[in-house]
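Summary of the model geometry
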Amino acid sequence: MADTKIAVITGASRGLGRSMALHLAAQGVDIVGTFHSDKEEAAKVAQQIEGQGRRVAMLQLDVGESARFSDFASDLSSVLQSEFGQDHFDFLVNNAGIGIYASVTDTTEEQFDELMQVQLKGPFFLTQKLLPLMADGGRILNVSSGLARFTIPGYAAYAAAKGGVEVLTRYLAKELGPRGITVNTVAPGVIETDFGGGVVRDNPDMNQQLAATIPLGRVGLPDDVGGAVALLLSEGGRWVNGERIEVSGGQNI
Ligand code: NAP
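These numbers come from a predicted model, not from an experiment. (Residues numbered from 1 in each chain as written. Predicted model: local features only at pLDDT ≥ 70, side-chain atom pairs only at ≥ 80, totals over all residues. Heavy atoms only, no water.)

**Describing the nonpolar core**
Worth spelling out the cut-off: Buried residues of nine kinds, namely Ala, Val, Leu, Ile, Met, Phe, Trp, Tyr and Cys, make up a nonpolar core once their side-chain atoms join them within 4.5 Å. Classification of residues uses two cut-offs on accessible area relative to the type maximum, computed with a 1.4 Å probe and protein chains only: under 20% is buried, over 50% is exposed, and between them is partly exposed. Pairs of residues are marked as contacts when any of their non-hydrogen atoms sit within 4.5 Å.
I9, M20, L24, I31, I49 and V229 are the most contacted members of the largest nonpolar core, which totals 31 residues. Setting aside anything within four residues of it in sequence, one finds L24 in contact with A7, I9, V29, I31, V229, A230 and L233. One finds A57, L92, L168 and L176 within the second-largest nonpolar core, a separate group that totals 29 residues.

Below is the structure:
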């Protein structure tokens, strides 16, 4: 692996992915981030990373469109060569995602399929397509959710997809061991982002109700997760493998 590590982070334009990108850049890691729809926000993140003295590229990607992942891998390969002078990247963070709130009774097949495409099929096949570009000794973090451990009505399909991500993590860890690649799950608890329409951040009643489920007495902030991801992708995290690390302030323990 090259001395300066390169992280590929999906959904790096906002929320948790942005914080992960900024924390990793502060730790000396170069960043390839992806955005889905908001090129302007992505450009702002890129500017901040450049301000930290790191190299950065932002690429468009829809993690729900697996048919285009081969094209994305080609784009990434070109950018690695042209912007970073490298053939490989070191860290993959499968972060991008959406939430759909609906009870089991009300969930439509379309909602279910969209969640599975974006949250489970996306990480599965994106990882598959990017593995040839990943350096031996690299690391993968898959973002799950506290909701795969505890149960809040309205998130069955979402949490089922995240449960799949956690199982996928263990299989990847086993299969990629011979290449020296570690694979772990990061499972955030409730965090104030745009997620779910920003309801946790913007609805004070809901914010307080959820804060009461967390021993530390508040809901999480993006930097709580960005910092944990940087910790896991530091040299000291190299022997952590096949694990599910919850980053929730102890929510619902
Ligand atoms: P967010 O603030 O809504 O940001 C979502 C990010 O993902 C944006 O960069 C967005 O890009 C991108 N994205 C959305 N749909 C996409 C798609 N189809 N293809 C590619 N990129 C897409 O969400 P967040 O809270 O940071 O969530 C990040 C991850 O953490 C998700 O996997 C989520 O399930 C998980 N999580 C969140 C919480 C929480 O409370 N916030 C808790 C547990 C787990 P554009 O802006 O360009 O559209």
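**Structural notes on helix α2 (residues 39-51)**
Let me state the cut-off plainly: We count a stretch as a helix when DSSP gives it H or I for four or more residues in a row; a strand needs E for two or more, and each element gets its number in order from the N terminus. Each residue after the first adds 1.5 Å to the expected span of a helix. In this context, the arc is that of the directions from the helix axis out to the C-beta atoms.
The end-to-end C-alpha separation of α2 is 18 Å, in line with the 18 Å expected for 13 residues at 1.5 Å each. Among the residues of α2, those classed as buried are E41, A42, V45, A46 and I49. With its buried residues spanning 145° around the axis, α2 presents them on a single face. Along α2, the residues that are exposed and aim more than 90 degrees away from the buried face are E40, Q47 and G51.

**Things to note about the environment of D87**
Here D87 is to be found in the loop between α3 (69-84) and β4 (89-94). Classification of D87 by relative accessible area gives partly exposed; the value is 44%. Considering only alpha carbons, one finds D87 and R218, 131 residues apart in sequence, at a separation of 43 Å. In contact with D87, not counting residues within four places along its chain, are L80, Q81 and L133.

**Let's talk about the site of the ligand**
How we decide: Proximity criterion: a residue is near a molecule or strand once any of its heavy atoms comes within 4 Å of it. N or O atoms closer than or at 3.5 Å make up a polar contact, with two conditions inside protein: a donor-capable atom paired with an acceptor-capable one, and, for residues adjacent in sequence, both atoms drawn from side chains. Methods summary: accessible areas were calculated by the Shrake-Rupley approach with a probe of 1.4 Å, and residue burial reflects only the protein chains presented. Nonpolar residues are Ala, Val, Leu, Ile, Met, Phe, Trp, Tyr, Cys and Pro. Charged residues are Asp, Glu, Lys and Arg, and all others, Gly as well, are polar.
Lining the immediate environment of the ligand, one finds 30 residues, of which S13, R14, N95, Y158 and T193 sit closest. Contact between the ligand and N95: an oxygen atom at 2.7 Å from a main-chain N or O atom of the residue. One of the side-chain nitrogen or oxygen atoms of Y158 is found 2.6 Å away from an oxygen atom of the ligand. Computed on the free molecule, the ligand has an accessible area of 910 Å², of which 95% lies beneath the protein chains in the complex. Sorting the residues of the shell around the ligand by element identifies α1 (15-26) and α5 (156-176) as the ones contributing at least two each. Partitioning the shell around the ligand into residue classes produces 13 nonpolar, twelve polar and five charged.

**A word on the packing of aromatic side chains**
Condition: Only rings of Phe, Tyr and Trp enter the pairing, Trp through its six-membered ring, and a pair is recorded when the two centres are within 6.5 Å. The plane angle decides the type: under 30 degrees is stacked, over 60 is edge-to-face, the rest tilted.
On inspection of all chains with the given rule, the structure shows four aromatic pairs. Both rings, one in F124 and one in F125, keep their centres 4.8 Å apart while their planes meet at 45°; by these two values the pair is tilted. Among the residues examined, F125 registers a relative accessible area of 30% and is labelled partly exposed. Where Y158 meets F195, the ring centres are 5.6 Å apart and the plane angle is 55°; that geometry is what we call tilted. Of this pair, Y158 sits in helix α5 while F195 sits in the loop between β6 (182-188) and α6 (199-202), and the two are 37 residues apart along the sequence.

**Points about the pattern of salt bridges**
To keep things clear, this is the line we draw: Throughout this description, the term salt bridge denotes a Lys or Arg side-chain nitrogen within 4 Å of a carboxyl oxygen of Asp or Glu.
Applying the stated criterion across every chain yields a total of 14 salt bridges. With a shortest N-O distance of 3.1 Å, R55 and D30 are connected by a salt bridge. Within this pair, whereas R55 is found in the loop between α2 and β3 (56-60), its partner D30 is found in strand β2 (residues 30-35), the two being separated by 25 residues in sequence. The class of R55 is partly exposed, set by a relative accessible area of 38%. Among the salt bridges present, the one from E235 reaches R238, with a minimum N-O distance of 2.8 Å. On the basis of relative accessible area, R238 is assigned to the exposed category, the value being 54%.

Without other data, these values stay purely geometric and don't point to any function.
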